[in-house]
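Notes for the structure review
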Amino acid sequence: MVVSEDTARQKGKGERRHEMLCGIDAVLFDLDGSLVDSMWLWESIDVEYLGRYGISLPKGLQYDIQGMSFTETAIYFKERFPIPESIEEIKAEWNRMAWDKYMYEVPLKEGVAEFLTLCGKEGIRLGIATSNSRELVENIASVHKLRNYFTCIVTGCDVVRGKPAPDIYLEAARQLDVSPEKCLVFEDIVQGIQAGKSAGMRVCAVEDAYSSGEREEKRALADYYIDNYWELL
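Owing to the predicted nature of the structure, the values given are computational and were not obtained by experimental measurement. (Residues numbered from 1 in each chain as written. Predicted model: local features only at pLDDT ≥ 70, side-chain atom pairs only at ≥ 80, totals over all residues. Heavy atoms only, no water.)

Here we come to the overall build of the protein. When its secondary structure is counted, the protein shows ten helices and six strands. Rg of the C-alpha trace for the protein: 18 Å, near the compact-globule value of 17 Å for 233 residues, within the 12% margin. The principal-axis extent of the C-alpha atoms belonging to the protein is close to 70 × 35 × 35 Å. Looking at the protein as a whole, 52% of its 233 residues qualify as buried. Once local pairs closer than 6 in sequence are excluded, the contacts in the protein between residues at least 24 apart make up 67%. When the accessible surface of the protein is summed, it comes to about 10900 Å², and 51% of that surface belongs to carbon and sulfur atoms. Mean positive and mean negative side-chain charge positions of the protein (27 and 40 charges, respectively) differ by 3 Å. (Helix = DSSP H or I, 4+ residues; strand = E, 2+ residues; numbered from the N terminus. Rg over C-alpha atoms; globule rule 2.2 N^0.38 Å. Buried < 20%, exposed > 50% of the residue type's maximum accessible area, 1.4 Å probe, protein only. Contact = heavy atoms within 4.5 Å. Areas by Shrake-Rupley, 256 points an atom, 1.4 Å probe, with all protein chains shown as cover. Lys, Arg positive; Asp, Glu negative; His and termini not counted. Charge placed at Lys NZ, Arg CZ, Asp CG, Glu CD.)

So, about the pattern of salt bridges. Scanning all chains against the criterion turns up 16 salt bridges. We note a salt bridge from Asp-64 to Arg-80, for which the minimum N-O separation is 3.6 Å. Within this pair, whereas Asp-64 is found in helix H3 (residues 61-65), its partner Arg-80 is found in helix H4 (residues 70-80), the two being separated by 16 residues in sequence. It is possible to trace a salt-bridge network through shared partners that takes in Glu-48, Arg-52, Glu-93 and Arg-96. (Salt bridge = Lys/Arg side-chain N within 4 Å of Asp/Glu carboxyl O.)

On to the sheet that holds strand E2 (residues 125-130). The sheet built from six strands is open, its strands ordered E3-E2-E1-E4-E5-E6 with parallel pairing. Looking at strand neighbours, the two that pair on one side only are strand E3 (152-155) and strand E6 (224-226), the edges of this open sheet. The sheet shows a mean angle of 20° between the axes of neighbouring strands, taken without regard to direction. In this structure, E2 lies alongside E3, joined through four bridges in parallel fashion. Bridge pairing in E3 places Ile-128 opposite Ile-153. Each of strand E1 (26-29), E2 and strand E4 (183-187) is contacted by helix H6 (residues 112-121), which is oriented at about 155° to E1, the strand it contacts most. Along the sheet face, helix H9 (residues 190-198) touches E4 and strand E5 (202-206) and points at about 165° away from the line of E5. (Pairing = 2+ DSSP bridges. Axes fitted to C-alpha atoms, helices over the stretch in contact; angles between N-to-C directions.)

Here is the structure:
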């Protein structure tokens, strides 16, 4: 029997998805760069915010703060730069600056909605584990009509340590009442992949232009790698 190229490709996707989801009861997603294409906006916000105080964006700042919770990042800015605002004022201003961008300029990663629907049909529990603020996460979930997919949303401010510590993923697993070894994590940055692996979970790295310079390290650390979620459909 001759199998068409399209049929073979679909079979390959199905086998890969089955391999990744075999024995998995919950799938956990990082938000920025993993669920939504948003990593680019935070550098522009940092440039604008620091510029108000006559401060140029230091080289390497984005790397230094990767994985930090929203509060940890605000503390870092407060301690490193001569900013008169309080920690809470810094966070509130970042939320305000990001709000419209998330509303109108940030799309879902390709194939996300379809993959979430597939997981739901297979009875897999879904959670978000993000370093972003709860206000922005809830906003994004509402804009893209994602809230009903997810049983839990955990932010870095809900746990003691941000990524690469495993705290946020362990807390998500606890809220979902699923053992860590039965969780699959989707992450786009090295620190997030390390957090998932340290939690004893399987991790799929997600391609993102923002972390393209770390692509090989991501591939080496993760159990799987995808360019987009269409690969799993």
